[in-house]
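Here is how the chains run, residue by residue.
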Amino acid sequence: MTSGIKNRTRQAIVDAAITLLAGNPSCSLGDIAAAAEVGRTTLHRYFAERADLMAAVAVEGGERLTRAARLAELDKGTGAEALLRLCREYFDLGSLLSLVFSEPDGACYTEGEQPDLDAVIRRGHADGSIDPVLPPDWVISLMWSQLYAAWSYLAERPGASRHHVLDLLTRTLANAVRGPGAI
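With that settled, consider the overall build of the protein. The helix and strand inventory of the protein stands at nine helices and zero strands. Listing every helix and strand of the protein by position from the N terminus yields α-α-α-α-α-α-α-α-α. Put simply, 67% of the contacts in the protein that link residues at least 6 apart link residues at least 24 apart. When the accessible surface of the protein is totalled, it reaches about 9,700 Å², and 54% of it is carbon and sulfur.

See the structure below:
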């Protein structure tokens, strides 16, 4: 029973860190403890230093990104369909994406098994759903930039509908990568 409580407390701290750091990368450990509804002493029992907490956030981020890629079922459908499913899954990561975009070294939040997007894009080239003139690294950069644009748009417009912004994201990306002759 104790380990279940410890795990929940640790997870609450990591979740609070992701949420707060996304909005303010320099927020204090005290702010994170308060958001997790624990005292600073409790936070320090789990994470002796800020670097320990940041390492846990990086691991959690990698796990969430890996889980999202699995849910996107990248091996199914056309390359473009798989890419759009991945965008939908990544979009749902919310604060984690904001944190990835706000950190100068956002790559630390992509630890873990990441999808082979090059293969998905090459499949899209072969099936005609992604313009073969667009190299995989370009399409990947385009995907990340559109995710950033979507989250920025949502954050800057308090009344914006999450559903509407997700639709804008997928429409924009689908039109940007569409192969010649694709409908």
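With that settled, the discussion passes to the packing of helix α5 (residues 79-91) against helix α7 (residues 117-127). One way to put it is that α5 packs onto α7 with a least axis distance of 7 Å and a crossing angle of 140°. Considering the angle they form, α5 stands oblique to α7. Here Gly79, Ala82, Leu83 and Leu86 of α5 come into contact with α7, specifically with Leu117, Val120, Arg123, Gly124 and Asp127. Per-class residue counts for the contact of α5 with α7 are five nonpolar, two polar and two charged.

Among the structural elements, Tyr46 can be located in helix α3 (residues 40-46). Residue classification places Tyr46 among the partly exposed positions, given a relative accessible area of 25%. Separated by 37 residues in the primary sequence, Tyr46 and Thr9 have C-alpha atoms spaced 8.8 Å apart.

A few words now on the nonpolar core. Core analysis: the biggest nonpolar cluster contains 55 residues, and Ile32, Leu53, Tyr90, Phe91 and Met143 have the highest contact counts within it. Of all the secondary structure elements, the ones that give two or more residues to this core are α1 (2-23), α2 (29-35), α4 (50-71), α5, α6 (95-102), α7, α8 (136-156) and α9 (162-177). Not counting residues up to four positions away in its chain, the partners in contact with Leu53 are Ile13, Val14, Ala17, Leu29, Ile32 and Phe47.

Even without glycine at this site, Glu37 takes up a positive phi of about 60°. Mapped onto the elements, Glu37 comes out in the loop between α2 and α3. Not every positive phi belongs to a glycine, and Glu73 is a case in point at roughly 50°. Residue position: Glu73 is located in the loop between α4 and α5.

Attention shifts here to the environment of Val120. Take Val120: it is sitting in helix α7. For the pair formed by Val120 and Gly79, sequence separation is 41 residues and the distance between their alpha carbons is 5.1 Å. Apart from the residues lying within four places of it in its own chain, the contact partners of Val120 are Leu74, Gly79, Ala82 and Leu83.

What follows covers the packing of α8 against α9. The interhelical angle for the contact between α8 and α9, taken along N-to-C directions, is 155°, at an axis separation of 10 Å. Put simply, α8 runs roughly antiparallel to α9. Every pair of crossing elements has a handedness; the one defined by α8 and α9 is right-handed. Between α8 and α9, the contacting residues are Val139, Leu142, Met143, Gln146, Leu147, Ala150, Tyr153 and Leu154 on the first element and Arg162, Val165, Leu168, Leu169, Thr172, Leu173, Ala176 and Val177 on the second.

On to α8, then. For α8, built from 21 residues, the straight-helix expectation of 30 Å at 1.5 Å per residue is met to within 8% by its first-to-last C-alpha distance of 30 Å. Every buried residue of α8 is accounted for by Pro136, Val139, Ile140, Leu142, Met143, Gln146, Leu147, Ala150, Trp151, Ser152 and Leu154.

Between the first and last C-alpha of α9 there are 23 Å, a value that for 16 residues agrees with the 22 Å anticipated at 1.5 Å per step. In this structure, the buried side of α9 is in contact with α5 and α8. For α9, the N-terminal capping position is held by Ser161, with its side-chain oxygen 3.2 Å away from the main-chain nitrogen of His163.

The next point concerns the environment of Trp151. Along the chain, Trp151 turns up in helix α8. Residues Trp151 and Leu97, spaced 54 residues apart in sequence, show a C-alpha to C-alpha distance of 8.0 Å. Residues contacting Trp151, with those up to four places away along its chain left out, are Phe91, Gly94, Leu97 and Ser98.

Cut-offs used in this document
Residues numbered from 1 in each chain as written. Predicted model: local features only at pLDDT ≥ 70, side-chain atom pairs only at ≥ 80, totals over all residues. Heavy atoms only, no water. Helix = DSSP H or I, 4+ residues; strand = E, 2+ residues; numbered from the N terminus. Contact = heavy atoms within 4.5 Å. Areas by Shrake-Rupley, 256 points an atom, 1.4 Å probe, with all protein chains shown as cover. Axes fitted to C-alpha atoms, helices over the stretch in contact; angles between N-to-C directions. Parallel < 35°, antiparallel > 145°, perpendicular 65-115°, else oblique. Nonpolar A, V, L, I, M, F, W, Y, C, P; charged D, E, K, R; others polar. Buried < 20%, exposed > 50% of the residue type's maximum accessible area, 1.4 Å probe, protein only. Core = buried A, V, L, I, M, F, W, Y, C linked by side-chain atoms within 4.5 Å. Left-handed = near helix turned anticlockwise from the far one by under 90°. Expected span 1.5 Å × (residues − 1). Polar contact = N/O pair within 3.5 Å; in protein donor to acceptor, adjacent residues only side chain to side chain.

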